[in-house]
Amino acid sequence: MNFKEKLMSFFKRIKDWFVGLGKKIRHFVLKLFKKDTGEEEEKNSVSKHYLTGKEARAIAKANNKEMRRLEKAKRRKVAPAEYTTQMKDDGNILEIEDLHTFFFTDQGVVKAVNGVSFEVPMNSTVGVVGESGCGKSVTSMSVMRLLQGPSGQIVSGSIRFKAIDFKKDAAGKLVPIYEYDEDGNIVYEQATDKKGRPVFDKEGKPVMAPKQKKDENGIGLYEKEEKVFDIAKMPMQAMYQLRGRQMSMVFQEPMTSLNPVFTIGNQLDEVTLIHVPDATKEFAKKRSIDMLNLVGIAMPERVYASFPHELSGGMRQRVMIAMALACEPRLIIADEPTTALDVTIQAQILELFNDLKRKINGSILLITHDLGVIAEMADYVVVMYAGKIIERGTASEIFHNPCHPYTQGLQKSKPTMDSSTDKLFNIPGNVPNPINMPDNCYFKERCSQCIKKCSGEYPHMVKISPTHYVACHLYDAEGKQEN
């Protein structure tokens, strides 16, 4: 054996010694901090938190395929009959059934809304509550079809909305409402062009046209009909006829919702000019100022000519409400409209919502994490946790008889004047990873009333009363609490 071979053998023995030492140290550390943990369990533990390159590429490939399919479905041109449906209950204006809204990320699919079902009755306020990240805002964005694509998509489910839409003829044009005389015949008048000038034929005789009925502002009236649309199946182009005119949204932060380079008047006028047929600029301005008056803004003409940065937070929120009400929608979605406001302005905004609901004869979907706001405003309450509804019922039932431990925890965490403790109650633990949700109850690890049954399948909704439902293993199929 020459010197080179001896040297290589020496280094090999040193290498083997260090490898063996490393294994012994690793085994000692695992034994010290992980009792009864084998090699396979260690590999599984690592795989729960880290993705290999192969797994990441597989996830990206599957996500891209699904996102392309869903994006193509949103851009398709289909007949209205494909997304026209019927309400299960004519007393509702909105019915959400088994809604699944997912976000396709590099780490996997985030099931932000996972099987949500509830209704919004006509002329009522439904409050959606839950801690941050439970899926409240994603549900509202799904109803408005404002999800950030292509990663955010409505995968399945139904969102039925009862709308009062303009009636159209076979050519797709709006059907005017004409004036009739005492004998039931249509009244005719001389036709005019777009600039209001009289129209004559080739012989110089005036061209006669049916006289259209007009409102007090001189805007022509058109026939309307009630239709029910499945928003989840509507192409994006068809959604434009609903957003703003049939349903509108008041966002959480008005400063980021208003365009900083346009005046308040420009942004308010745009809503009327787009959604009201035959609307003129003069009519749009008059209506905008009327809306500013309606929401309680002093000196509306001055606010009309102002930019968003020249107004206070409360004023900007009132402008957003005025914009949402400009076309008298049937449904208003308010996504935490009072979060950025102080207590005094918050009370004024809530009172304004109550007054406006009575004036426009509409419904409100109120999304907030403030139980005090819900208690004051809502007729019905929906409690969400980790993308699912865990309890729903009337406001009285939810506040006086909360059944789910999570709902009870939310109410305990609210500060009260007669509280005898120095610290606020908090629900221990964290929400499970939305990418790898467990098969059992999502609240199991944080629940103080957990039973053996909670380790089984996810609990189904059980009926406590005709209007009160809860998803919890503490109650049997008949809605009675198990001992």
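Residue numbers run consecutively from 1 along every chain, following the written order of its sequence. Predicted model: local features are reported for residues with pLDDT of at least 70 only, side-chain atom pairs are reported and counted for 80 or more only, and whole-chain, interface and lining totals are derived from all residues. Side-chain numbers come from the whole structure's heavy atoms, not from hydrogens or water.

Peer 1: Quick rundown of the overall build of the protein chain? Include the residues and the values.
Peer 2: In this text, helices come from DSSP runs of H or I with a minimum length of four residues, and strands from runs of E with a minimum of two, each type numbered from the N-terminal end. Along the backbone of the protein chain there are 14 helices and 14 strands. Both definitions apply: the radius of gyration is a C-alpha atom measure, and the globule rule equals 2.2 Å times residues to the power 0.38. For a compact globule of 483 residues, the expected C-alpha radius of gyration is about 23 Å, and the protein chain comes in at 30 Å, more than 25% above that figure. Projected onto the principal axes, the alpha-carbon positions of the protein chain cover approximately 120 × 70 × 50 Å. Here the term buried applies to any residue with accessible area under 20% of the maximum for its type, exposed to any over 50%, and partly exposed to those in between, with areas from a 1.4 Å probe on protein chains only. Counting only residues that meet the buried cut, the protein chain has 42% of its 483 residues in that class. Should any heavy atoms of two residues lie within 4.5 Å, those residues are counted as being in contact. Of all intrachain contacts in the protein chain linking residues separated by at least 6 positions in sequence, the fraction that spans at least 24 positions is 65%.

Peer 1: Break down the layout of surface pockets for me, with residues and values.
Peer 2: If a probe the size of a water molecule is rolled over the atoms, the empty space left behind becomes visible. Estimates place the volume of the largest pocket at around 710 Å³. A pocket, in this scheme, is an open set of points on a 1 Å grid over the protein atoms alone with protein on both sides within 12 Å along at least 5 of 7 lines, while a cavity is a set where a 1.4 Å probe fits but cannot get out; residues line either one if an atom lies within 4 Å of a point. Lining of the largest pocket is provided by 28 residues; of these, Lys224, Val276, Arg287, Cys327 and Glu328 occupy positions nearest its centre. Looking at which element gives the most residues to the lining of the largest pocket, the answer is helix α8 (residues 281-294), with 6 residues. When its residues are assigned to classes, the lining of the largest pocket shows 14 nonpolar, 4 polar and 10 charged. Grid points are joined across faces, edges and corners, and a volume is the space filled by probe spheres set on the points. All amino acids are sorted into three groups, where Ala, Val, Leu, Ile, Met, Phe, Trp, Tyr, Cys and Pro are nonpolar, Asp, Glu, Lys and Arg are charged, and the leftover types, Gly among them, are polar.

Peer 1: Outline the packing of helix α10 (residues 313-325) against helix α11 (residues 343-360), listing residues and values.
Peer 2: Viewed as axis vectors pointing N to C, α10 and α11 meet at an angle of 15 degrees, and their least axial separation amounts to 11 Å. The orientation of α10 relative to α11 falls into the category roughly parallel. In this structure, the crossing between α10 and α11 has a hand that is right-handed. In this structure, α10 uses Gly314, Gln317, Arg318, Ile321 and Leu325 to contact α11, whose residues at the interface are Ile345, Gln348, Ile349, Leu352, Phe353, Leu356 and Ile360. For helices, the fitted axis covers only the stretch in contact; all axes are lines through C-alpha atoms, and the angles between them, taken along N-to-C directions, range from 0 to 180 degrees. Roughly parallel refers to an angle under 35 degrees, roughly antiparallel to one over 145, roughly perpendicular to one between 65 and 115, and oblique to any angle outside these ranges. When the near helix sits turned anticlockwise from the far one by under a right angle, the crossing is termed left-handed; a clockwise turn instead gives a right-handed crossing.

Peer 1: A description of the confidence of the model for the protein chain should follow, citing residues and the corresponding values.
Peer 2: For every residue, the predictor assigns a confidence score, pLDDT, that lies between 0 and 100. Considering every residue of the protein chain, the mean pLDDT works out to 86; 94% of them sit at 70 or more. Predicted confidence for residues 35-47 stays below pLDDT 50, and this span has 7 contacts to residues more than four positions away or in other chains.

Peer 1: Which residues make up the side chain of arginine 145, and what values do they have?
Peer 2: In this structure, arginine 145 sits in the loop between α4 (136-144) and β4 (152-166). Aspartate 230 provides the closest opposite charge to the buried, unpaired arginine 145, separated from it by 7.5 Å. Pairs of N or O atoms are called polar contacts if they sit within 3.5 Å, as long as, within protein, a hydrogen donor faces a hydrogen acceptor (for residues adjacent in sequence, only side-chain-to-side-chain pairs). One polar contact links the side chain of arginine 145 to the main-chain carbonyl oxygen of isoleucine 231, over a distance of 2.6 Å. Of note is the side chain of arginine 145, whose polar atom sits 2.8 Å from the backbone oxygen of methionine 234. In this count, Lys and Arg are taken as positive residues and Asp and Glu as negative ones, while His and the chain termini are left out. Basic side-chain nitrogens of Lys or Arg form a salt bridge, by our definition, when they fall within 4 Å of a carboxyl oxygen of Asp or Glu.

Peer 1: Any chance you could break down the sheet that holds strand β3 (residues 125-129) for me, citing the residues and the numbers?
Peer 2: We call two strands paired when DSSP finds no fewer than two bridges between them. Taken in spatial order, the 8 strands line up as β8-β9-β10-β3-β11-β12-β14-β13 in an open sheet, and their pairing is mixed. This sheet does not close on itself; its edge strands, each paired only once, are β8 (247-250) and β13 (461-465). Between one strand axis and the next, the sheet turns through 20 degrees on average, direction left out of account. Here α10 sits on the sheet in contact with β8 and β9 (331-335), set at roughly 175 degrees to β8.

Peer 1: Any details on the sheet that holds strand β2 (residues 109-121)? Residues and values, ideally.
Peer 2: The strand order across the open sheet built from 4 strands is β2-β1-β4-β7, with neighbouring strands paired in antiparallel fashion. The open sheet has two edge strands with one neighbour each: β2 and β7 (224-230). For this sheet, the mean inter-axis angle between neighbouring strands, taken without regard to orientation, is 15 degrees. In terms of strand pairing, β4 meets β7 through 7 bridges, oriented antiparallel.

Peer 1: Which residues make up the pairing of β3, and what values do they have?
Peer 2: The buried count for β3 comes to 5 of 5 residues, which makes it a mostly enclosed element. Burial of the side chains of β3 extends over both faces: Thr125, Gly127 and Val129 are buried on one face and Val126 and Val128 on the other. Here 4 bridges tie β3 to strand β11 (residues 380-385), and the two strands are oriented parallel to one another. Within the sheet, the bridge partner assigned to glycine 127 lies in β11 and is valine 381.

Peer 1: Could you give me a rundown of helix α3 (residues 53-75), with the residues and numbers involved?
Peer 2: Its 23 residues give α3 an end-to-end C-alpha distance of 33 Å, which sits within 8% of 33 Å, the value for a rise of 1.5 Å per residue. Contact partners of the buried residues in α3: β1 (92-104), β2, β4 and α5 (236-239). Expected helix span is computed as 1.5 Å times (number of residues minus one).

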